[in-house]
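Coordinates in review
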Amino acid sequence: MSTEAEQRPEGISPSQTVGPFFHYGLTPGKAYAHVPVSADGQVAAPGTPGEKIVLTGRVFDGAGDPVPDAMLEIWQADADGRYAHPNDGRARQSNSFMGFGRSDTDAEGTYRFATVKPGRVPGPGGREQAPHILVAVFGRGMLKQLFTRVYFEDEASNAEDAILALVPEARRGTLIAKRDGHSFTLDIRLQGEGETVFFDV
């Protein structure tokens, strides 16, 4: 009888759940204030072109309880719809905006990002997508991170977004952040009633 190691293709490790202390290492700002790594969700530096916004919300588990030690990463285009990535060869107004951010959740399950509202980006078939932010959710006990998107309720282009159109209409609201001034709020529900739509990558 062969061992598990012999049955696995070479170089592939088995999946493991995320342990309880991952956020200490990845978002140390609150857990270890002396560690010089930002965990405050500050994505856009002062002077970055575009509408300054705050994206916030809470992360809930399947029982409806807040998740106090999740971590969210975001990736987005700038206000002109350009990514800070070599594959996006278009000129950008500001090379200081990297479009990446990381936030842990607090005791109430709250996350927060200070950024700029993204512009439209090319999508399937060359059609422009509605402004959105890509989100990865990491959590204790999860085998893999979950991927979702945040859209904005004040965008008429949501109606023609090819990715959003793949989501059943009754569930699209789980991806659309509500505006209040310069803040947008979207709660993320990992399971259960009102579960957020997550995408396979």
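None of the values given here were measured: they were computed from a predicted structure. (Residues numbered from 1 in each chain as written. Predicted model: local features only at pLDDT ≥ 70, side-chain atom pairs only at ≥ 80, totals over all residues. Heavy atoms only, no water.)

Take the overall build of the chain next. Of the regular secondary structure elements, the chain holds three helices and 11 strands. For the chain, the sequential pattern of α-helices and β-strands runs α-α-α-β-β-β-β-β-β-β-β-β-β-β. By residue count, 40% of the 201 residues in the chain fall in the buried class. For the chain, the share of sequence-separated contacts (at least 6 apart) that also reach a separation of at least 24 residues comes to 66%. In the structure as shown, the chain presents an accessible area of about 11,100 Å², 52% of it carried by carbon and sulfur atoms. (Helix = DSSP H or I, 4+ residues; strand = E, 2+ residues; numbered from the N terminus. Buried < 20%, exposed > 50% of the residue type's maximum accessible area, 1.4 Å probe, protein only. Contact = heavy atoms within 4.5 Å. Areas by Shrake-Rupley, 256 points an atom, 1.4 Å probe, with all protein chains shown as cover.)

Turning our eyes to something else, we now look at the environment of Thr-174. Take Thr-174: it is sitting in the loop between β8 (146-152) and β9 (176-180). Taking C-alpha positions, Thr-174 is 6.4 Å from Val-197, a pair spaced 23 residues apart along the chain. Of note is the side chain of Thr-174, whose polar atom sits 3.2 Å from the backbone nitrogen of Val-197. (Polar contact = N/O pair within 3.5 Å; in protein donor to acceptor, adjacent residues only side chain to side chain.)

According to the stated counting rule, one finds three aromatic pairs in the structure shown. Their ring planes at 20 degrees and their centres at 5.6 Å tell us that Trp-75 and Tyr-83 sit as a pair that is stacked. With a relative accessible area of 17%, Tyr-83 lands in the buried category. Taking 6.0 Å as the distance between ring centres and 50 degrees as the angle between the ring planes, the aromatic pair formed by Tyr-111 and Phe-113 counts as tilted. By the burial criterion, Tyr-111 is buried, and Phe-113 matches it. (Phe/Tyr/Trp six-rings, centres within 6.5 Å; stacked < 30°, edge-to-face > 60°.)

Relative to the helices and strands, Arg-172 is located in the loop between β8 and β9. A distance of 3.3 Å separates the side chain of Arg-172 from the backbone oxygen of Leu-164, its partner in a polar contact.

The share of residues in the chain with pLDDT of 70 or more is 75%, and the mean pLDDT across the chain is 83. In this model residues 32-39 is a low-confidence stretch, pLDDT under 50, and it forms 10 contacts with partners more than four residues away in sequence or in other chains. (pLDDT = per-residue confidence, 0-100.)

Side chains bearing opposite charge may pair, as long as their charged atoms lie close to each other. Tallied over the entire structure, the rule returns 10 salt bridges. With a closest N to O distance of 2.8 Å, Asp-69 and Arg-140 form a salt bridge. Here Arg-140 lies in the loop between β7 (132-138) and β8 and Asp-69 lies in the loop between β1 (52-60) and β2 (71-75), a separation of 71 residues in the sequence. Residue Asp-69 is classed as buried on the basis of its relative accessible area, which comes to 10%. Owing to a relative accessible area of 47%, Arg-140 belongs among the partly exposed residues under this scheme. For the salt bridge of Arg-120 with Glu-160, the shortest nitrogen-to-oxygen distance reads 2.9 Å. Here Glu-160 lies in the loop between β8 and β9 and Arg-120 lies in the loop between β4 (110-116) and β5 (121-122), a separation of 40 residues in the sequence. Three or more residues joined by partner-sharing salt bridges are found here, namely Glu-51, Lys-117, Asp-154, Glu-155 and Arg-179. (Salt bridge = Lys/Arg side-chain N within 4 Å of Asp/Glu carboxyl O.)

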